[in-house]
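Close look at the chain arrangement
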Amino acid sequence: MKKEKQEYINPYLGGFLLGLVLLASIYFSGRGLGASGAIKSFVVSVVDFVAPQHTQSAEFYKQYAGNQTSALKSWLVFEVIGVFIGAFISGIVSNRMTLKIDKSPVITSVRRLVFAVIGGALFGLGAQFARGCTSGAALSGMGVLATGGFITMLAIFGTGFLFAFLFKKHWVY
Amino acid sequence: MGPLAGQGLISPEFDYILALLIGIAFGFVLEQSGFSSAKRLAGLFYGREFVVLRVFFTAAITTVIGVILMEHFGMLDMNLVYIQPTFTWSAIVGGVIMGIGFLFGGFCPGTSLCAVSIGKIDAIFFFGGLFIGVFLFAEMYPIFEPLYHAQDLGGIFVFDSLGMSRGLFAALLIVMAVMAFVVTYFIEQYILKKPKQFNLAFIKSKPYHVAAIAVAMVFALIVGITPTRSQKIMAQAQECQQKSDFSYMSSVELAYKLLNPDNQTLYIDIRNADDFVKLALPKTVNIPFASITNREWEDFLGDATKKKVLIAHTEEQAQQAACVMQQLGYKHIQLLRGGFSEFEATIIKQHIPTTGMSDTEKTYIKKAHTEILQLIERNKKPILEKKVLTKAKGGC
């Protein structure tokens, strides 16, 4: 028999702890949390490895590639590796490890996965424009009261509420 | 005083270890809060699940309060913290694209990674999609670039954008958050008829909620009543200004010193940066008055072996700054008599006063005038000697 999955913690407690983590990040390293930046580092590194001429000529890559230190050796890359480990530990202690596709029963698995890829691609694209994702731009930006953080937060959640009706069968079940 | 990494108190290698530890805590808290489930995340948009709103808002106000407290007690120098620059249009467009991405995928990047690590296959696909998105942006960057860089407002703060004080904005943010918590609580109780998490008599059942509010109020009171470190120093400086007698240097003397520099004197221009850029005397370092209390100058100004000559617009401003510097324990301070305005008039514009100046001085002014103007011309980019304090580079 499997042990029963544990409940999630109180959201206010979770938020408070998350705030403390963000404060620690600001106090020690002078910066907020992030996630999508590490993916940018990875993409730059891969493109640099596969097509070095391209990274030297294309505007976007020039800003990041070709430095003395590898783009992968960045603060956010280490932080994101930490996120993976931390969530893994949490999954084990709360007995939530699974291997499954989380989806609404009225949609097929293929549809769920295709939509997930599209969602990820949109998020990756949008995070570049906004100079950060939900954690890097919206949460960390709000934490230090940066105007951009508030704009991005309102845009993400505003759009979410506005177009939610189109995706109802995906999420309400 | 934080941030530690920016002041070289943490080696770059250790900063990476910290990044890893902070990341572990971040991932652990996200997963414990239930952010590894797309249904719980996206449920917010249908009024079914409020976990995102609660966690997100609580984290934001915790951070805002924490930053204000740390800064107030001199534990954190916000000048060294990365403040994400605001590019209005790019932030809006990016947010809208991410909002749609959220509806498609049910995750955001950080939460998808948490879900990946506990084995959600849908999250693995979302996570893979992120790379495609970043790659697309990179390849199409020449097309996006004008929008990406449009309306650069720099690292501005939201309370400045809205024209209010930081304290007021923080208070309003907290009020808004609490209202959102209350509204969502009622939605859950009466519309969704969810089992109660805590009832209105929560004082009995959840004493730590009350304790948390009480602690927060005490902190707010402390911040409201006690002056900040720099306010304290400025207030004490006013007292000192009335009684202290300082040593002075005349414009002519300064001109001579600038043309015949020794290594024992620092020339500190405390006018604001804009004025300094417009017209900076050779050999001078700009430390605007408002930032003179910043700890980044401690090593530079604290060098007791050197004399510090203060150049302000007026003598009074130099006196104020000298008092502040005395409070901070900086020694050997000398002031420019008549301030920068007198120096500008006599040496640069050569309005030589008819009385009170010897002929030798008058001749010297003529000579100094030409040489100093040459130096200014050559020195268009004034050297800013500064202890290496790096502002953290951030961004997602």
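Cut-offs and rules
- Residues numbered from 1 in each chain as written.
- Chains lettered and ligands numbered in written order.
- Predicted model: local features only at pLDDT ≥ 70, side-chain atom pairs only at ≥ 80, totals over all residues.
- Heavy atoms only, no water.
- Helix = DSSP H or I, 4+ residues; strand = E, 2+ residues; numbered from the N terminus.
- Buried < 20%, exposed > 50% of the residue type's maximum accessible area, 1.4 Å probe, protein only.
- Contact = heavy atoms within 4.5 Å.
- Areas by Shrake-Rupley, 256 points an atom, 1.4 Å probe, with all protein chains shown as cover.
- Domains from an automatic or database assignment.
- Buried area = accessible area lost by both parts, 1.4 Å probe.
- Salt bridge = Lys/Arg side-chain N within 4 Å of Asp/Glu carboxyl O.
- Polar contact = N/O pair within 3.5 Å; in protein donor to acceptor, adjacent residues only side chain to side chain.
- Nonpolar A, V, L, I, M, F, W, Y, C, P; charged D, E, K, R; others polar.
- Pairing = 2+ DSSP bridges.
- Axes fitted to C-alpha atoms, helices over the stretch in contact; angles between N-to-C directions.
- Right-handed = clockwise from strand over helix to strand, strands pointing away.
- Parallel < 35°, antiparallel > 145°, perpendicular 65-115°, else oblique.
- Left-handed = near helix turned anticlockwise from the far one by under 90°.
- Expected span 1.5 Å × (residues − 1).

1. Structural notes on the overall build of chain B
The number of helices and strands found in chain B is 18 helices and 7 strands. When burial is assessed residue by residue, chain B has 49% of its 396 residues classed as buried. Excluding contacts between residues fewer than 6 apart, the proportion of contacts in chain B whose partners are at least 24 apart in sequence is 68%. By element, 63% of the accessible surface of chain B is carried by carbon and sulfur atoms, the whole surface being about 18700 Å².

2. Thoughts on the domain arrangement of chain B
Residue and element names in this part refer to chain B. Per the domain assignment, the segments making up chain B are domain 1 (2-229) and domain 2 (231-384). Taking only C-alpha atoms into account, the centre of domain 1 sits 45 Å from that of domain 2. Counting from both sides, the interface comprises 6 residues of domain 1 and, opposite them, 9 residues of domain 2. Buried area between domain 1 and domain 2, both sides added, is near 730 Å², and the carbon and sulfur share of it is 36%. Inspection of the region where domain 1 meets domain 2 yields 0 salt bridges. Along the contact surface separating domain 1 from domain 2 lie 0 residue pairs in polar contact (both at pLDDT 80 or more). Partitioned by chemical class, the residues of the side of domain 1 that touches domain 2 number 1 nonpolar, 3 polar and 2 charged.

3. A short note on the sheet that holds strand 3 (residues 247-249) of chain B
Residues and elements named next belong to chain B. Within the open sheet, the 5 strands sit side by side as 3-7-6-4-5. Their pairing is parallel. For this open sheet the edge positions go to strand 3 and strand 5 (284-286), each flanked by a neighbour on one side alone. Neighbour-to-neighbour, the strand axes of the sheet open up by a mean angle of 35°, direction not taken into account. Where helix 13 (residues 251-259) meets the sheet, its contacts fall on strand 3, strand 4 (265-269), strand 6 (307-311) and strand 7 (333-336), and the angle it forms with strand 3 comes to roughly 70°.

4. What about unusual backbone geometry?
Residue and element names in this part refer to chain B. Located in the positive-phi region is lysine 283, a residue other than glycine, with phi close to 70°. Structurally, lysine 283 is set in the loop between helix 14 (273-278) and strand 5. At histidine 332, a position not held by glycine, the phi torsion is positive, near 55°. Here histidine 332 lies in the loop between helix 16 (315-327) and strand 7. Given the relative accessible area of 47%, histidine 332 is considered partly exposed.

5. Remarks on the environment of leucine 166 of chain A
All names here are of chain A. Its place among the elements puts leucine 166 in the loop between helix 8 (147-163) and helix 9 (168-171). Assessed through its relative accessible area of 55%, leucine 166 is described here as exposed. In sequence terms leucine 166 and arginine 31 are 135 residues apart; their C-alpha atoms lie 36 Å from each other.

6. Points about the pairing of strand 6 of chain B
Residue and element names in this part refer to chain B. Within strand 6, 4 of the 5 residues are buried, which leaves it mostly tucked inside the rest of the structure. Across 5 bridges, strand 4 lies against strand 6 in parallel orientation. Residue tyrosine 267 lies in a different strand from strand 6, and its bridge partner there is valine 309. The handedness of the strand 6 to strand 7 crossover, carried by helix 16, is right-handed.

7. Observations concerning the packing of helix 13 of chain B against helix 18 (residues 359-378) of chain B
All names here are of chain B. Where helix 13 meets helix 18, the closest approach of the two axes is 10 Å, and the angle between their N-to-C directions is 50°. The pairing of helix 13 with helix 18 is recorded here as oblique in orientation. The crossing of helix 13 and helix 18 is left-handed. Side by side, helix 13 and helix 18 meet where Val252, Ala255, Tyr256, Leu258 and Leu259 of the first sit next to Glu361, Tyr364, Ile365, Ala368, Glu371, Ile372 and Leu375 of the second.

8. Some remarks on helix 6 (residues 121-139) of chain B
In this model helix 6 of chain B runs 28 Å from its N-terminal to its C-terminal C-alpha over 19 residues, within 8% of the 27 Å that 1.5 Å per residue would give. Within helix 6 of chain B the residues assigned to the buried category are Asp122, Ala123, Phe126, Phe127, Gly129, Leu130, Gly133, Val134, Phe137 and Ala138 of chain B.

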